[in-house]
Amino acid sequence: VQLQASGGGLVQAGGSLRLSCAASGRTFSSYVMGWFRQAPGKEREFVAAISWGGGSTYYADSVKGRFTISRDNAKNTVYLQMNSLKPEDTAVYYCAADRTYRSIWYSTRRSDYDYWGQGTQVTVSS
């Protein structure tokens, strides 16, 4: 599957952005989808994940209550709605797809995700 992320940009602290990630192929609904981010000089970190049908979500503590992950399987797209943005949210955001069925449905590990988008820059000014 090929992933294409979009929607990044420059926003003031307290503002909102919605990222989108469009996937190619006909098996989108068979992947757990995740968002990760990487700030300059830091490791890529997990942000959020959503289950195959969208009924379950999981968030990093740093974004819980501010970010919402969702998906539209008819459109082969996953979204990340980001509200109350902070300067520390500044990073390149990546979408990723995990094809493995797990006893715990989600993973926060980069190495468990099989496909990655190219990343979209989010910059939050103070």
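Definitions and limits used
- Residues numbered from 1 in each chain as written.
- Predicted model: local features only at pLDDT ≥ 70, side-chain atom pairs only at ≥ 80, totals over all residues.
- Heavy atoms only, no water.
- Helix = DSSP H or I, 4+ residues; strand = E, 2+ residues; numbered from the N terminus.
- Buried < 20%, exposed > 50% of the residue type's maximum accessible area, 1.4 Å probe, protein only.
- Lys, Arg positive; Asp, Glu negative; His and termini not counted.
- Salt bridge = Lys/Arg side-chain N within 4 Å of Asp/Glu carboxyl O.
- Polar contact = N/O pair within 3.5 Å; in protein donor to acceptor, adjacent residues only side chain to side chain.
- Contact = heavy atoms within 4.5 Å.
- Disulfide = S-S within 2.5 Å.
- Pairing = 2+ DSSP bridges.
- Axes fitted to C-alpha atoms, helices over the stretch in contact; angles between N-to-C directions.

(A) Spotlight on the side chain of Arg71. If you trace the backbone, Arg71 turns up in strand β7 (residues 67-72). No salt bridge forms around the buried Arg71; measuring N to O, its nearest opposite-charge neighbour Asp72 is 8.3 Å away. In terms of polar contacts, Arg71 uses its side chain to reach the backbone carbonyl oxygen of Ser51, at 2.8 Å. A polar contact of 2.8 Å, which involves the side chain of Arg71, links it to the side chain of Asn73.

(B) Representation of the side chain of Ser51 in the model. Relative to the assigned elements, Ser51 resides in the loop between β5 (45-50) and β6 (57-59). One polar contact links the side chain of Ser51 to the main-chain amide nitrogen of Gly55, over a distance of 3.3 Å. The residues contacting Ser51, other than those within four sequence positions of it, are Val32, Ser56, Arg71 and Trp105.

(C) Layout of the state of the cysteines. According to the stated counting rule, one finds 1 disulfide in the structure shown. Here Cys21 pairs with Cys95 through a disulfide, and the sulfurs are 2.1 Å apart. The S-S bond linking Cys21 to Cys95 shows a torsion near 60°; that makes this disulfide right-handed. On the criterion of sequence distance, the pair formed by Cys21 in strand β3 (residues 17-23) and Cys95 in strand β9 (residues 91-98) is long-range, its members being 74 residues apart.

(D) Quick look at unusual backbone geometry. Although it is not a glycine, Asn76 sits at a positive phi angle of roughly 55°. Residue class for Asn76 comes out buried when judged on its relative accessible area of 16%. The phi angle at Ser84 is positive, at roughly 50°, despite the residue not being glycine. With respect to the element layout, Ser84 can be found in the loop between β8 (77-82) and β9.

(E) Inspection of the pattern of salt bridges at higher detail. Tallying each qualifying case throughout the model produces 8 salt bridges. Among the ionic contacts, a cluster of salt bridges with common partners joins Arg37, Glu45, Arg66 and Asp89.

(F) Looking closely at the sheet that holds β7. Taken in spatial order, the 4 strands line up as β1-β3-β8-β7 in an open sheet, and their pairing is antiparallel. Each edge of the open sheet is held by one strand with a lone partner, namely β1 (3-6) and β7. Averaged over neighbouring strand pairs, the angle between their axes works out to 15° when direction is ignored. By the bridge criterion, 6 bridges tie β3 to β8 in an arrangement that is antiparallel. Its bridge partner lying in β8, Ala22 is registered against Thr77.

(G) The arrangement of the environment of Thr27 in detail. One can find Thr27 in the loop between β3 and β4 (32-38). Sequence separation of Thr27 and Asn76 is 49 residues, and the distance between their C-alpha atoms is 8.7 Å.

(H) Molecular detail of the environment of Gln12. Among the structural elements, Gln12 can be located in strand β2 (residues 9-12). What makes Gln12 exposed here is its relative accessible area of 61%. Residues Gln12 and Ile69, 57 residues apart in the sequence, show an inter-C-alpha distance of 21 Å. Setting aside residues no more than four positions away along its own chain, Gln12 makes contact with Val124 and Ser125.

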